[in-house]
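Report on the structure
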Amino acid sequence: MNYVALKMLFGDRAKYLMLLAGLTFSTMLIVQQGSIFWGLMTWSQSGITNVNAPVWVADSNINQVEEIKPLADTAVTVVRSVPGVEWALPLYKGVQRARLPNGNYEQIALVGIDSSTLIGRPYTVLEGKIEDLRSPEAVAIDQLGVERLGGPKNIHLGTTFEINDHRVRVVALIKTQKSFQNFPFVYTTYERALSVTPEERRKLSYVLASPVSGVSPEELARRIHEQTGMGAFTEEQFGWKTVRWILKNTGIGVNFGTTVLLGFIVGMAIAGQTFYLFTVENLPQFGALKAIGASTGMLARMILLQSFTVGCIGYGVGVGLATLFGLTAGSGGRLPFKETWPLLVGVAVALLLICSVSSAISIRKLAKLEPAIVFRG
Amino acid sequence: MGDAVSQSPAMTFDNDSAHWLVQARGVTKSFGDGATRIPVLKGVDLEVARGEVLLLVGPSGSGKTTLLSVIAGILESDEGDVRILGASIPDLSSSEKTRFRRDHLGFIFQQYHLLPTLTAVENAAVPLLIRGVPKQDALSRAEAMLGSMGMGERLNALPTRLSGGEQQRVAIARALVGDPKLLLCDEPTANLDGETGHRIVQQLHDIGKQPDRGVIIVTHDTRIFEFGDRIVHMEDGRVDQIQHGHKELR
């Protein structure tokens, strides 16, 4: 009877298209909003992922990566003394003011990395050489920085500008993951970062560390915390700590959650109502099938097949449209859009739930259907 | 001449199942509860022999359709027993009744109840598909059945593209494609013009006259009385008159 079920579904074009539209809209809305949400969360962790260090050591009360609580300079040595540390290096991170050649000011996220190893360097260098950071006044600037500080015509290799009245020179153009605050990333050496930033008693933002072979980052983070009292986290732990802080302290989670819930409810309402109407309008036909010898179980399977078929098609079209949106509106990193497989699995489960509930309402109606209605004129 | 009215309350069955296709004894059925309870069948006895075409006639509300539903096992009687091919229908479980209908009964409804999105041949194949017959086999058998009814040119037409007579023939093909022993027809000519109705009932009559088969037709249509071997006249939930052949009914 699968054949009959599918003919019933596709034959009633208007209802089929309405069902498909409802489920497609629902899927698209949830995937699109979920992807933008996760894109934002990815941006919020960019301060961590752009640096790429196994273990981050910070003040024990730190909440998230952008909340800098400087450490004493001795922290690097203290971390190096913990058994299981292969290396430990300083990192400077802070928002500074850049003065452009045209006299305008722009805020930048300055990152100072160890000059000898260049650990914490960006993954992708678009132009120039990152090793040139060791040369006097050298900085590397990311694609957003190029855009913000005057565009490719004004910012290129060799361009000079000022950070806190200190002249710097662009020696490399780099590609980074955008940050939540959307400040351009400017990389330089740790020593130069200290020299161009205002005087403070403590300037060491983080200590980056790596475990020796045979010790996991989790184990090393635990040891550092126990032996030094400082906060120590793996890259992943620090990322999630940052995400949790944002969800707790901003309205982002509630806003996106509400939209996703809305998509779910709208999908449920449209699919449920249309499916129910589809069943009610076909009650005499279902009654006839029951009279002829179709069991309630068989009719239930037909309804489920119809529901899951249109659900699968709606899922495919919805995900396709959301992906298209991400590829166009979010191209070049303009929009935080990250479509992940857990999100797609989650949406599939949500859609499965919508289809199951919609089917259950119709199946309940069919279970109660007296086939004797077919003999009533 | 008309037979004596059979209204015995005693449930005695003639165990000659080689002769009787259907035997109903003391069937009662009411709708509603308490003060609103309406008795529709008040102890009906009825038999249909193999190879017999039986017409159930009577005014609206006399209980014809309810009796048909009880015989088919799609409505539970309050009291009494119905045996078809020797099987006691009230004793069957719900799923057994469903299987019994699937395997032994054919239905023709007044409103046809064809699935609007299925073609004529697909509609006719539905009982076979319910039985789990492979699609191609079911469709070819349905095609042969429709062809034998002069519908060979209209196999792929949707019900909305068929005339009332054509729809009814599709409904008959659907009822017959599973080779049922008993055909239950509810007002099969109600929506048809005289000539088409006559042709349809002639087909039903021919089917009913085949050995081991039987047909029960509920009708108001006096034009088709000539096709009944017996005509059972119902009145107020009871069998009022049973007559052999149309000429004896006044």
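Everything discussed here concerns the structure shown above.
The following paragraphs examine the structure supplied in this document. (Residues numbered from 1 in each chain as written. Chains lettered and ligands numbered in written order. Predicted model: local features only at pLDDT ≥ 70, side-chain atom pairs only at ≥ 80, totals over all residues.)

Okay, the overall build of chain B next. Per the secondary structure count, chain B includes six helices and 10 strands. For chain B, the C-alpha radius of gyration of 18 Å lies close to 18 Å, the compact-globule estimate for 250 residues. A principal-axis box enclosing the C-alpha atoms of chain B has dimensions of 50 × 40 × 40 Å. Across the 250 residues that make up chain B, the buried fraction comes to 50%. Partitioning the contacts of chain B with sequence separation of at least 6, the portion at a separation of at least 24 is 69%. (Helix = DSSP H or I, 4+ residues; strand = E, 2+ residues; numbered from the N terminus. Rg over C-alpha atoms; globule rule 2.2 N^0.38 Å. Buried ≥ 20, exposed ≤ 12 C-beta atoms within 10 Å, placed from the backbone. Contact = placed C-beta atoms within 7 Å.)

So, on to helix 12 (residues 341-368) of chain A. Residue and element names in this part refer to chain A. When the terminal C-alpha atoms of helix 12 are compared, their 40 Å separation across 28 residues agrees well with the 40 Å that a helix rising 1.5 Å per residue should span. If you check which residues of helix 12 are buried, you get Leu343, Val347, Ala350, Leu351, Ile354, Cys355, Ser358, Ser359, Ser362, Ile363 and Leu366. In this structure, the buried residues of helix 12 make contact with helix 2 (13-44), helix 9 (252-281), helix 10 (283-292) and helix 11 (296-329). (Expected span 1.5 Å × (residues − 1).)

In this section: the interface of chain B and chain A. The extent of an interface is frequently quoted as the accessible surface area lost upon association of the parts. Counting residues at the interface gives 26 residues for chain B, matched by 21 residues for chain A. Looking at the side of chain B that touches chain A, the elements that each hand over two or more residues are helix 1 (64-72), helix 2 (94-104) and helix 3 (120-130) of chain B. The residue makeup of the side of chain B that touches chain A, split by class, is 12 nonpolar, eight polar and six charged. (Nonpolar A, V, L, I, M, F, W, Y, C, P; charged D, E, K, R; others polar.)

Here we take up the sheet that holds strand 2 (residues 38-49) of chain B. All names here are of chain B. With antiparallel pairing, the four strands of this open sheet are ordered in space as 2-1-4-5. Looking along the sheet, the strands with just one partner apiece sit at the ends: strand 2 and strand 5 (87-88). Bridge count between strand 4 (residues 79-84) and strand 5: two bridges; the pairing is antiparallel. In the strand pairing of strand 5, Arg83 is matched with Ser88. Against the sheet, helix 1 touches strand 1 (20-31), strand 2 and strand 4, its axis set at about 120° to strand 1. (Pairing = 2+ DSSP bridges. Axes fitted to C-alpha atoms, helices over the stretch in contact; angles between N-to-C directions.)

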